[in-house]
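Below, each chain spelled out in residue letters.
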Amino acid sequence: MSTLVPTWELRARFAQRLSDLYGQEVPAYRTLVEVSTQVNQRVLARFGRAAERFGSIDRVTAERHGAIRVGSPRELAQVATVFTAVGMHPTGFYDLRDAMPQPIPVVSTAFRPHAPDELARNPFRVFTSMLVPGDRRFFAAELEARLVEFIEGRELFAPELLELAAEAEAGGGLSETQAQRFLDLAARSFALSDEPVDEAWYATLSAISGVAADIGGVRSTHINHLTPRVLDIDDLYASMSARGIEMIDEIQGPPGWEGPDVLLRQTSFRALAEPRLFRTADGSLTQGELRVRFGEVEQRGIALTPAGRSLFDDLVGRTDARLAEAAERGGDDAAPPVRTDVARDVWREHLPADERELDRAGLAFCTYTVVESATLAPGVPTDLDALLDAGVLRAEPIVYEDFLPRSAAGIFASNLADRGRRDDAAEGEQRDLAWLAEAMGRPIAVPEELYAAQRAASLERAAARLGLERIDIDRPGVDHAAGRAATAHAAEGAS
Ligand code: OOG
Ligand code: NI
């Protein structure tokens, strides 16, 4: 009997194949990977082991996220089949139709591994967006009908690929021969097609949204970007700029500051226009170009609890308000304030300046382990903070493995040629996590529940090691029982 290539190895090889493919298609991506590797080596040299607090250097060096876009629930279900085969599960719901700074006619989820050991082996994730042609604010009824018909008439994934994927899911892997075939077919499905683009149809959709045209204007899907992870995004930004690559104006997400890195910081650059063949109205072919793909890079920090997340959203709001005030005041010769500078001030005023305080305030997710040499002195209280203060337990940050809707919309928008159209008087379509899960036929995990389950599991292990029945988390907004309930949920999702 031949041994199976296990799920995690399929995922690692899949990520590598896409990276090779994208490097051939978009040369600037190779530069980005090269500079990212240099940045990570510099951080490692500077901070040693501490640099690996948010993941081993091996994990971070191999780490990528991709983005793809599809047109219908049927296509999304097929994507889910392919990604599930490599251990990537739908996680989180993002509605970008009302997003600032620019609405985009899609709803999205991210496919990623759930279990901590799977993430450690290879954390590949893909942000996956689905067009909402029924949203009248963007698409008139007649255009919706044409779009749906066009999308129903195309085939993004070969039936053989979907069969192999189903087999991999059922059996927990594939034979080497099958694995190679699966990876060939999978990589091919995400390559840029050289099929001519219908010029008039593409232009019709472009007038509404560049993203609508990118999704519904062609007969295949493709990787939109592939994103390496760095340990110091400010260094990366400066290094890329020094190489003459023009980055977008700012780093999205939290500002750089002396306190803990939270959630996710991202930045990007526009890739060069790519040559594409167009079919004109009279049927002739002409050479044109499209500029839809780009390079993006990210730095990840600690995951926030729901309380931490609402504080974060509040701080973003305060930053917006201060910027708006400054713009109103005007000042003839004063330069307008830079967003990240304003955000840094807001952060300093409202966010605990170290990880321990962030955790103690119930704002961030950590796991807890028993310190090797520690012993439990008799009579010491056994709640979490007492054990941390006594040096019996050590806290480790849980890395944020997901995305931020506002940054996502910013990334979409920064790479669109024009702003498109949205009729705000028309009715939108109600879409949420439950709807998307139902439409795709798979459950969608809630990120905060996964983090809570990871924390609860670490506390259960620590309690067992210390011979305690349980360790209470006495934090605002933390429900220990909820953490336990989520464990079962996460275990299901991770299987
Ligand atoms: C997805 C944009 C979102 C991110 O990193 O936030 C994203 C897209 O452009 O298709 O990838
Ligand atoms: Ni991205």
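Just so you know, these numbers come straight off a predicted model, no measurement behind them.

## Some remarks on the overall build of the protein chain
Inference 1: When helices and strands are counted, the protein chain shows 19 helices and 14 strands.
Inference 2: Against the compact-globule benchmark of 23 Å for 495 residues, the protein chain has a radius of gyration of 24 Å, which places it among compact chains.
Inference 3: Counting only C-alpha atoms and orienting by the principal axes, one finds that the protein chain spans roughly 85 × 75 × 45 Å.
Inference 4: For the protein chain, buried positions account for 53% of its 495 residues.
Inference 5: Counted over contacts in the protein chain with a minimum sequence separation of 6, partners at least 24 positions apart contribute 76%.
Inference 6: Working note: accessible area of the protein chain is about 21,400 Å², and carbon and sulfur atoms make up 52% of it.
Inference 7: One finds the centroid of the 54 positive side-chain charges in the protein chain at a distance of 2 Å from the centroid of its 78 negative side-chain charges.

## Thoughts on the sheet that holds strand β3 (residues 89-95)
Inference 1: Reading across from one edge, β3-β4-β5-β2-β8 is the order of the 5 strands in this open sheet, with mixed pairing throughout. Of all strands in the sheet, those bounded by a partner on one side alone are β3 and β8 (225-228). The sheet shows a mean angle of 20° between the axes of neighbouring strands, taken without regard to direction.
Inference 2: Bridge analysis of strand β2 (residues 64-70) against β8 gives 4 bridges, and the strand direction is antiparallel. Bridge pairing in β8 links R64 to P228.
Inference 3: On the sheet, helix α2 (residues 27-47) packs against β2 and β8 and is oriented at approximately 10° with respect to β8.

## A look at the site of ligand 1
Inference 1: Around ligand 1 sit H65, A67, R69, F127, N224, H225, Q266, E296, F403, A408 and F412, and that is every residue in its neighbourhood.
Inference 2: A distance of 2.9 Å separates an oxygen atom of ligand 1 from a polar atom in the side chain of H225.
Inference 3: Contact with the protein chains removes 100% of the 310 Å² of surface that ligand 1 exposes when unbound.
Inference 4: Judged by its atoms lying within 2 Å of the grid points, ligand 1 is housed in the largest cavity.

## Some remarks on the coordination of the nickel ion (ligand 2)
By definition of the ideal shapes, four donors in a tetrahedron about a metal sit 109.5 degrees apart, and six donors in an octahedron sit 90 or 180 degrees apart.
Inference 1: Here the nickel ion (ligand 2) is held by H65 (NE2), H225 (NE2) and E296 (OE), and the distances to it run 2.1 Å.
Inference 2: For the nickel ion (ligand 2), all donor residues lie on one chain, and their spacing in sequence is H-x159-H-x70-E. Of this pair, H225 sits in strand β8 while E296 sits in strand β12 (residues 294-300), placing them 71 residues apart in sequence.
Inference 3: The exposure class of H225 is buried, given its relative accessible area of 7%.

## Focus: the domain arrangement of the protein chain
Inference 1: Segmentation of the protein chain into domains returns domain 1 (5-302 + 401-444), domain 2 (306-354) and domain 3 (364-397 + 446-495).
Inference 2: The distance between the C-alpha centroids of domain 1 and domain 2 comes to 29 Å.
Inference 3: When the two sides are added together, the surface that domain 1 and domain 2 hide from each other amounts to roughly 1,200 Å², 66% of it contributed by carbon and sulfur.
Inference 4: Its largest share of buried area at the contact with domain 2, domain 1 owes to P255, W257 and R406, together 42% of the area lost on that side.
Inference 5: Counting the contacts that link domain 1 with domain 2 gives 2 salt bridges.
Inference 6: Of the charged contacts, one joins R348 and E258 as a salt bridge, the two residues approaching to 2.8 Å between their closest N and O atoms.
Inference 7: At the surface where domain 1 touches domain 2, the tally comes to 3 residue pairs in polar contact (both at pLDDT 80 or more).
Inference 8: Grouping the amino acids of the side of domain 1 that touches domain 2 by side-chain chemistry returns 9 nonpolar, 2 polar and 3 charged.

## Some points on the pattern of salt bridges
A side chain with one charge may pair with a side chain of the opposite charge, provided their charged atoms come close.
Inference 1: For the structure shown, the criterion picks out 46 salt bridges.
Inference 2: Two residues, R300 and E298, come together in a salt bridge whose shortest N-O distance is 2.9 Å.
Inference 3: The closest approach of N and O atoms between D389 and R360, which form a salt bridge, is 3.2 Å. Of this pair, D389 sits in helix α15 (residues 384-389) while R360 sits in helix α14 (residues 355-360), placing them 29 residues apart in sequence.

## Thoughts on the sheet that holds strand β7 (residues 197-198)
Inference 1: As summarised here, the arrangement of the 3 strands in space is β7-β10-β11, forming an open sheet in which the pairing is mixed. This sheet does not close on itself; its edge strands, each paired only once, are β7 and β11 (285-290).
Inference 2: Two elements, strand β10 (residues 274-279) and β11, share 6 bridges in a ladder whose sense is antiparallel. Following the sheet pairing, F278 is matched in β11 by T286.

Rules used throughout
Residues numbered from 1 in each chain as written. Chains lettered and ligands numbered in written order. Predicted model: local features only at pLDDT ≥ 70, side-chain atom pairs only at ≥ 80, totals over all residues. Heavy atoms only, no water. Helix = DSSP H or I, 4+ residues; strand = E, 2+ residues; numbered from the N terminus. Rg over C-alpha atoms; globule rule 2.2 N^0.38 Å. Buried < 20%, exposed > 50% of the residue type's maximum accessible area, 1.4 Å probe, protein only. Contact = heavy atoms within 4.5 Å. Areas by Shrake-Rupley, 256 points an atom, 1.4 Å probe, with all protein chains shown as cover. Lys, Arg positive; Asp, Glu negative; His and termini not counted. Charge placed at Lys NZ, Arg CZ, Asp CG, Glu CD. Pairing = 2+ DSSP bridges. Axes fitted to C-alpha atoms, helices over the stretch in contact; angles between N-to-C directions. Near = heavy atom within 4 Å. Polar contact = N/O pair within 3.5 Å; in protein donor to acceptor, adjacent residues only side chain to side chain. 1 Å grid on protein atoms, 1.4 Å probe; cavity = no way out; pocket = protein on both sides within 12 Å on 5 of 7 lines; lining within 4 Å. Sits in = over half its atoms within 2 Å of the grid points. Donors = N, O, S within 2.8 Å, 3.2 Å for Na, K, Ca; no water. Domains from an automatic or database assignment. Buried area = accessible area lost by both parts, 1.4 Å probe. Salt bridge = Lys/Arg side-chain N within 4 Å of Asp/Glu carboxyl O. Nonpolar A, V, L, I, M, F, W, Y, C, P; charged D, E, K, R; others polar.

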